[in-house]
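Take a look at the letters that make up each chain.
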Amino acid sequence: MILRPSPNFGDRKLPVTMAVIHYTGMRTADAALDTLTSPASGVSSHYMIAEDGTVFALVDEGKRAWHAGAGEWRGITDVNSASVGYELVNPGSEFGYTPFPEPQIAALVSLLRGAFARYAIRPANVIGHSDLAPTRKDDPGELFPWPMLAAAGLAARVPVLDNVPRGTPNGFEAAPDPGWTDAGATLALGRYGYGVAETKAALVAFQRHFRPSRVDGVWDAQSRAALLALLRAEGL
Ligand SMILES: [Zn+2]
């Protein structure tokens, strides 16, 4: 771990109950590191992880880093106060989105395990930036390996729906299509934790995370079934 202190932080106002995954969305790791540690930028995160797995520690976990911005998750609007923030180096959708290399994800898993040991973070509260800010953000994007995190017990399990029967080896009991209306499905999305003021954006964020094979913002049987399965798994 390489210490690169950022001046962009404050005091937490809430206990840590969440983790937020980002990509940097810049051309190079150096450019991202400059931004995350520059007083002028007003942004930071607790960690930045390079493609080769090198971890840069930017803000002490006890402090409130400035990575989430406006948004909400499960009623929490000051997400920065309640979360640890992780930036993964990746050019992102603007500069050439690429798969996340294995060493980078391994480093993230290691950091998350530490956070889980120190704080009361539920797997379902490990989310992407786009999950809490669906109208503004698309990171970490549909290539992020949520199932790998889920397999490690560090994120909500992702329902496997395409041509896979119930009770499959990933252990996730698939749910049937509950047949909700679009309005009813949006209510269910809000119940799971999404801010649903902008309904299509919220659904796009949900699909990016839980049904990445088709991110189109249109409710269909698989999206509804995935959401029902997640609600059941959370006891919601
Ligand atoms: Zn982000």
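Cut-offs applied
- Residues numbered from 1 in each chain as written.
- Predicted model: local features only at pLDDT ≥ 70, side-chain atom pairs only at ≥ 80, totals over all residues.
- Heavy atoms only, no water.
- Buried < 20%, exposed > 50% of the residue type's maximum accessible area, 1.4 Å probe, protein only.
- Helix = DSSP H or I, 4+ residues; strand = E, 2+ residues; numbered from the N terminus.
- Arc of directions from axis to C-beta.
- Contact = heavy atoms within 4.5 Å.
- 1 Å grid on protein atoms, 1.4 Å probe; cavity = no way out; pocket = protein on both sides within 12 Å on 5 of 7 lines; lining within 4 Å.
- Points joined across faces, edges and corners; volume = space filled by probe spheres on them.
- Pairing = 2+ DSSP bridges.
- Axes fitted to C-alpha atoms, helices over the stretch in contact; angles between N-to-C directions.
- Phe/Tyr/Trp six-rings, centres within 6.5 Å; stacked < 30°, edge-to-face > 60°.
- Lys NZ or Arg CZ within 6 Å of the ring centre and 35° of its normal.
- Polar contact = N/O pair within 3.5 Å; in protein donor to acceptor, adjacent residues only side chain to side chain.
- Donors = N, O, S within 2.8 Å, 3.2 Å for Na, K, Ca; no water.
- Nonpolar A, V, L, I, M, F, W, Y, C, P; charged D, E, K, R; others polar.
- Salt bridge = Lys/Arg side-chain N within 4 Å of Asp/Glu carboxyl O.

As a further point, take helix H7 (residues 182-192). Taken together, the buried positions of H7 are Ala185, Thr186, Ala188, Leu189 and Tyr192. Along the long axis of H7, the arc covered by the buried residues comes to 160°, so they all point the same way. Across from the buried face of H7, at angles greater than 90 degrees, the exposed residues are Ala183, Leu187 and Arg191. Against helix H8 (199-210) and helix H9 (221-233) lie the buried residues of H7. Backbone geometry just after H7 places Gly193 at a positive phi near 145°.

Each neighbour pair has its own omega, and for Asp139 with Pro140 the value is 5°, a cis peptide bond. The residue Pro140 is located in the loop between helix H5 (129-132) and helix H6 (146-151) in this model.

The subject of this paragraph is empty space enclosed by the protein. This structure, assessed with the given rule, holds 1 cavity of 30 Å³ or more. Of the volumes computed, that of the largest cavity is approximately 40 Å³. Contributing to the lining of the largest cavity are Gly128, Ser130, Asp131, Pro140, Gly141, Trp146, Ala205, Arg208 and His209. Among the elements that line the lining of the largest cavity, the one with the most residues is H8, at 3 residues.

Right, let's talk about the sheet that holds strand S8 (residues 126-128) for a bit. In space, the 6 strands of this open sheet follow the order S1-S5-S4-S7-S3-S8, with mixed pairing throughout. Of all the strands in the sheet, the pair left with one neighbour each is strand S1 (2-3) and S8. Relative to strand S7 (residues 83-88), strand S3 (residues 18-23) is paired through 6 bridges, and the arrangement is parallel. The residue of S7 that forms the bridge with Tyr23 is Leu88. Against the sheet, helix H1 (residues 29-37) makes contact with strand S4 (47-49), strand S5 (55-57) and S7, and its axis sits at roughly 175° relative to S4, the strand it touches most.

Each aromatic ring pair is specified by the distance between its two centres and by the angle formed by the two planes. A full pass over the atoms with the stated rule returns 11 aromatic pairs. Where Phe144 meets Trp146, the ring centres are 4.6 Å apart and the plane angle is 65°; that geometry is what we call edge-to-face. For the residue pair Phe144 and Trp146, the accessibility class agrees, reading buried in each case. Among the aromatic residues, those joined into a cluster by ring pairs are Trp73, Tyr192, Tyr194, Phe206, Phe210 and Trp219. In this arrangement the basic side chain of Arg74 is found over the ring face of Tyr192, its NZ or CZ atom lying 4.7 Å from the centre.

A few words now on the side chain of His129. With respect to the secondary-structure elements, His129 resides in helix H5. Within the structure, the side chain of His129 is placed 2.8 Å from the backbone oxygen of Ala68, a separation counted as a polar contact. Those residues in contact with His129, other than ones at most four positions away along the chain, are Val20, Ile21, His22, His67, Ala68, Arg136, Lys137, Asp139 and Pro140.

Turning our eyes to something else, we now look at the coordination of the zinc ion. Listed as protein donors to the zinc ion are His22 (ND1), His129 (ND1) and Asp139 (OD); their distances from the metal cover 2.0 to 2.1 Å. For the zinc ion, the single-chain donor residues occur in sequence as H-x106-H-x9-D. Of this pair, His129 sits in helix H5 while Asp139 is found in the loop between H5 and H6, placing the two residues 10 residues apart along the sequence. Using a relative accessible area of 3% as the deciding quantity, one classes His129 as buried. On the accessibility criterion, Asp139 (4% relative accessible area) is buried.

Space inside the largest pocket adds up to approximately 440 Å³. Along its surface, the largest pocket is lined by 25 residues, and Tyr23, Thr24, Glu87, Lys137 and Asp139 are the ones closest to its centre. Elements that contribute at least two residues to the lining of the largest pocket include exactly S3, H1 and helix H3 (92-95). Per element, the largest residue contribution to the lining of the largest pocket is 4 residues, and it comes from H3. For the lining of the largest pocket, the class distribution of residues is 9 nonpolar, 10 polar and 6 charged.

Evaluation of the coordinates by the stated rule reveals 10 salt bridges. Between Arg208 and Glu142 there is a salt bridge, with the nearest N and O atoms lying 3.1 Å from each other. One end of the pair, Arg208, is in helix H8; the other, Glu142, is in the loop between H5 and H6, and 66 residues separate them in sequence. Classification of Glu142 by relative accessible area gives partly exposed; the value is 34%. The salt bridge involving Asp177 is made with Arg224; its shortest N-O contact spans 2.8 Å. With Asp177 in the loop between H6 and H7 and Arg224 in helix H9, this residue pair connects regions lying 47 residues apart in the sequence.

Keep in mind these values describe shape, not function.
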